[in-house]
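# Commentary on secondary and tertiary structure
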Amino acid sequence: MNRTGGLPTNPLRDPADRRLPRVPAPCALVIFGVSGDLAHKKLLPAVYDLASRGLLPPGFVVLGFARRDWTDADFEAAARDAIQEHARTPWQEEVWARLAGNLKFVPGSFDDDDAFDRLSQTLDDLRESHGILGNAAFYLSVPPTQFPVVLKQMERTGMADNEASGGWRRVVVEKPFGHDVQSSRELNELVDHVFTPEDVFRIDHYLGKETVQNLLALRFANTLFDPVWNSNYVDSVQITMAEDVGIGSRAAFYDATGAARDVLQNHLLQLLALTAMEEPVSFSADAIRAEKLKILTAVGIPEGDQRDLYAVRGQYEQGWLAGQRAKGYLEEEGVPPDSTTETYVAVRLLVQTRRWGGVPFYVRTGKRLPRRVTEIAVVFKKAPHLPFAETDTESLGNNQLVIRVQPDEGITLKFGSKVPGSAMEVRDVAMDFLYGAAFTESSPEAYERLVLDVMLGDSTLFPHAEEVDASWRIIDPLEEYWAGHKPHKYRAGEWGPKAADDMVAVDGRHWRRP
Ligand code: BG6
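Residues numbered from 1 in each chain as written. Predicted model: local features only at pLDDT ≥ 70, side-chain atom pairs only at ≥ 80, totals over all residues. Heavy atoms only, no water.

The next point concerns helix α11 (residues 285–298). When the terminal C-alpha atoms of α11 are compared, their 20 Å separation across 14 residues agrees well with the 20 Å that a helix rising 1.5 Å per residue should span. Among the structural elements, α8 (210–220), α10 (258–276), β8 (299–300), β12 (344–351) and α15 (465–483) are those in contact with the buried residues of α11. (Helix = DSSP H or I, 4+ residues; strand = E, 2+ residues; numbered from the N terminus. Expected span 1.5 Å × (residues − 1). Contact = heavy atoms within 4.5 Å.)

Shown next, in the form of structure tokens:
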């Protein structure tokens, strides 16, 4: 059987034509931890959105597994709630009716052999009853500590075996992938032993965001930007991922993780790699990953005394956000009162290549900041000479190209323009590209795109094990340094600790106010 699951290919459709909608082969999507937050907010709504776009295969089942005393009908009711609350596309009874008949549930805990035997048996039965052809994608929507036990259960029951299933078996592992280089290597070894390495999909949902993919189009489909995309013209790059939310009900996970491991190690370093990488030789998964890997390997972190200045951690204290009092991190339910876990991190990274030599990449992320915004700002150098009087250009800043990842997805180009009138005054103006205005289609959700890619077996948007490894090699020494220092404090509703402002100020720069 071929790896598309044995479906005949349509001779009128060129499979290489990426403009055509791609529909996966029949399969099951098995979700471990289906009663959790991620399944509720993202995965089940994503499945519904795919169904309403006609992108699910004719034979398809969502097989949920969790420690709940649920029947198929209970799972169906929970899925309905999740979809009605969080799906992107409008609710349609006929779409739901098609999907609802294909939701199955197996109760059990991860150390329960009988439950996994039942799961394996159910998968076998679904071949006949739902025509899934032996294909299955297993989504590990479970705490990282549970990955090994679930993987071992899959190995024991033979569920991960492509040969025995007669189709394909793939696994999706949620981030953070490991806790440091060592644990991530151990996990890699295990997952690559249980599954075939090409069937392992390490998810970083930022890569599924339309705006992030557009970064590659912006850079490599145009002639305009490449000539200035280097240290001759770029002064610095600022990558910001700000969130207004706190840690919600995730205290146990978050307190053991912190902002650096939660999002810097993955989302932010991936954004940096896509911004800094060279043009890939093709748009294949291997070619893109190879370029990202080169950048991650070339990242230089602050060392010695420089760390006090350029590697800043913060933790929010109580404050005000959108007119409401917001608790401090230490008052959040489930957080130990003496926790030193960071909820904010800002670091100056260097990309030690010819293209980027000497250009600082300032990267920051935090919870309970004034608003939710993610952006990449490429700040250009000032013109070496201006033929105007100094007073004419007092309001002229650096040219900037800002990729707005979210919200208000789009791109802004900031440049100087003459203020109308008889005087000569040059001031910054902005030229905006807005997805909502330029396209009639709305963007798919990141998880919608990535769940579809897993079923299609397309790993382009999933980081490779070597990228994960290289990212931990950036984070580990920083964590080691931070372990001996308490985080700075910042008030909820402020843009992070003062130390983060000082970090850019000593370089004669300031953070953009997104
Ligand atoms: C997740 C982090 O990966 O990304 C969360 O674990 C964070 O802490 C979330 O809130 C943010 O995702 P998005 O897509 O809302 O920016």
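Past the structure itself, the notes keep going.
By the definition in use, this model includes 32 salt bridges. For the salt bridge of Glu479 with Arg261, the shortest nitrogen-to-oxygen distance reads 3.6 Å. Taken together, the residues span a long stretch of sequence, with Glu479 in helix α15 and Arg261 in helix α10 at a distance of 218 residues. Each member of the pair, Glu479 as well as Arg261, is classed as buried. A salt bridge links Asp428 to Lys414, with the shortest nitrogen-to-oxygen separation between them at 3.7 Å. Taken together, the residues Asp428 in strand β17 (residues 426–434) and Lys414 in strand β16 (residues 410–418) connect sequence positions 14 residues apart. Each member of the salt-bridge network shares a partner with another, and the members are Arg22, Arg449, Asp453 and Asp458. (Salt bridge = Lys/Arg side-chain N within 4 Å of Asp/Glu carboxyl O. Buried < 20%, exposed > 50% of the residue type's maximum accessible area, 1.4 Å probe, protein only.)

Attention now moves to the pairing of β16. Across five bridges, strand β15 (residues 400–406) lies against β16 in antiparallel orientation. The residue bridging Gln400 from the neighbouring strand is Lys414, located in β16. Hairpin connection from β15 to β16: three residues lie between these consecutive antiparallel strands, with Asp408 at a positive phi of about 50°. (Pairing = 2+ DSSP bridges.)

Moving on, we get to the site of the ligand. The local shell around the ligand holds 13 residues, among which Tyr206, Lys209, Glu243, Arg250 and Asp262 are the closest. One nitrogen or oxygen atom from the side chain of His267 is found 2.7 Å from an oxygen atom belonging to the ligand. Separating an oxygen atom of the ligand from a side-chain N or O atom of Arg372 is a distance of 3.2 Å. The fraction of the free accessible surface of the ligand (400 Å²) that becomes covered by protein chains is 82%. At three residues, α10 tops the list of elements feeding residues into the shell around the ligand. (Near = heavy atom within 4 Å. Polar contact = N/O pair within 3.5 Å; in protein donor to acceptor, adjacent residues only side chain to side chain. Areas by Shrake-Rupley, 256 points an atom, 1.4 Å probe, with all protein chains shown as cover.)

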